[in-house]
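Fold and contact review
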Amino acid sequence: MNEIKIFSPATVANVSCGFDVLGFCLDSIGDEMVIRKTDKKGIFITKIEGYDLPYEAEKNVAGVSALALMEDAKPDCGFEIEIYKKIKPGSGVGSSSASAAGSVYAINELLGRPYDKTQLTHFAMKGEALASGSEHADNIAPAIFGGFTLVKSCTPLKVLEIPTPSSLYATIIHPEIEIKTSEARAILPKDINLQNAITQWANVGSLVHAMHTDDYALLSESLNDVIVEPHRSQLIPHFDSVKSESLKAGALGCGISGSGPSIFTLSKGKDIAELVAEAMKTAYSSTGINFNIYVSKINTQGMQVI
Ligand code: HSE
């Protein structure tokens, strides 16, 4: 095989209480990429459609992660990358991770799969670091593994796959403003209150337990972030009204997707997820800010060859 086309999915990081460790994979939003082997060694980005991003491999997240893989694999060939970017950069649903993870996933396929998913996550983190200024894997891991993931540690990298309750759907609203991850990280406090830390790690533990036991009521109680959301929600216009209207419409929980501005909810069943989409639309339509809304099943497969 000399060429491959893949779907590289959008993802939701943090999932309220799990800042930098939890994430899940979406199935209705994502980029497409075409990767092809070349005789000439190196990484060559030959086409980018959708958004204006750098072509130099060293400056492009897909290029940086691919170069990290190449440095380790030292293959006797190079690769051309075409990126059909559908996920808007800075939207909060893992745009840079989709590029960073997509290139290494596709190259690994073309090389006959020498690396496992954890190793691919490690290479992709190098690209993510270029975009966000820090190496974290809470978007990359769900893009590569699918479903819900928990990054137990980055050094050494250890990713845990968490079971997805089968009726779980996400509704995402993307207000068309840009929030840079590096800026959303810079406003966070360096020290946190012990009582808040206790609440937060109890929520992470109970959320993971809820996923293992299909306990939607416990899942709902656990989707609560007392550490990051109070700071970042100020960057997202009308966050509080979207949250309260979504919960009234039946969502199990609502929070900031990654570093924002997208807002995610989780619901039991597609019908409720669509009612939540309507409630979000009503809450946002008088704000004067353009927005998109998506309803998505949780994508338990992750990357797909198309
Ligand atoms: N965990 C990261 C953050 C996700 O919230 O800053 C965005 O890269």
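As shown above, the structure is provided for reference.
Throughout what follows, the structure given in this document is the object of discussion. (Residues numbered from 1 in each chain as written. Predicted model: local features only at pLDDT ≥ 70, side-chain atom pairs only at ≥ 80, totals over all residues. Heavy atoms only, no water.)

Considerations on the pairing of strand β6 (residues 157-162)
- Both strand β5 (residues 148-154) and β6 contribute to a ladder of six bridges, which runs antiparallel. Bridging across to β6, F148 finds its partner in I162. (Pairing = 2+ DSSP bridges. Helix = DSSP H or I, 4+ residues; strand = E, 2+ residues; numbered from the N terminus.)

Description of the sheet that holds strand β8 (residues 253-256)
- Pairing is antiparallel across the open sheet formed by four strands, whose spatial order is β8-β9-β7-β10. Bordering the open sheet on either side are β8 and β10 (291-297), each of which pairs with just one other strand. Between one strand axis and the next, the sheet turns through 20° on average, direction left out of account.
- As defined by bridge partners, strand β7 (residues 168-175) adjoins strand β9 (residues 263-268) across six bridges and the pair is classed as antiparallel. Its bridge partner being in β9, I172 is matched across the sheet by F264.
- Of the strands in this sheet, β7, β9 and β10 are in contact with helix α10 (residues 270-285), which crosses β7 at around 15°. (Axes fitted to C-alpha atoms, helices over the stretch in contact; angles between N-to-C directions. Contact = heavy atoms within 4.5 Å.)

Points about the side chain of R232
- Within the secondary structure, R232 is located in helix α8 (residues 229-232).
- Despite being buried, R232 has no salt bridge partner; D20 is the closest side chain of opposite charge, sitting 6.3 Å away. (Buried < 20%, exposed > 50% of the residue type's maximum accessible area, 1.4 Å probe, protein only. Lys, Arg positive; Asp, Glu negative; His and termini not counted. Salt bridge = Lys/Arg side-chain N within 4 Å of Asp/Glu carboxyl O.)

Section: the site of the ligand
- If you check the shell around the ligand, you find A13, N14, F19, D20, H136, D138, N139, T181, R185, R232, G258 and S259 and nothing else.
- Note that an oxygen atom of the ligand is positioned 2.8 Å from one of the side-chain N or O atoms of N14.
- Tallied by class, the residues present in the shell around the ligand amount to two nonpolar, six polar and four charged. (Near = heavy atom within 4 Å. Polar contact = N/O pair within 3.5 Å; in protein donor to acceptor, adjacent residues only side chain to side chain. Nonpolar A, V, L, I, M, F, W, Y, C, P; charged D, E, K, R; others polar.)

Examining the packing of aromatic side chains
- On inspection of all chains with the given rule, the structure shows four aromatic pairs.
- Judged by centre distance (5.7 Å) and plane angle (70°), the ring pair of Y284 and F291 falls under edge-to-face.
- Given the relative accessible area of 0%, Y284 is considered buried.
- A network of ring pairs unites the aromatic residues F24, F148 and F264 as a single cluster. (Phe/Tyr/Trp six-rings, centres within 6.5 Å; stacked < 30°, edge-to-face > 60°.)

Details of the pattern of salt bridges
- Under the criterion given, the structure shown has 14 salt bridges.
- With its nearest N and O atoms 2.9 Å apart, the salt bridge here joins R36 to E3. Pair noted here: R36 is in strand β2 (residues 22-38) and E3 is in strand β1 (residues 3-13), with a separation of 33 residues, a long-range link.
- Look at R36 and you get partly exposed, because its relative accessible area is 22%.
- Taking the shortest distance from any N to any O, the salt bridge between K86 and E32 comes out at 3.6 Å. Taken together, the residues K86 in the loop between β4 (78-84) and α2 (95-110) and E32 in strand β2 connect sequence positions 54 residues apart.
- When its relative accessible area of 49% is taken as the criterion, K86 is described as partly exposed.
- Connected via shared salt-bridge partners are E3, R36, E80 and E82.

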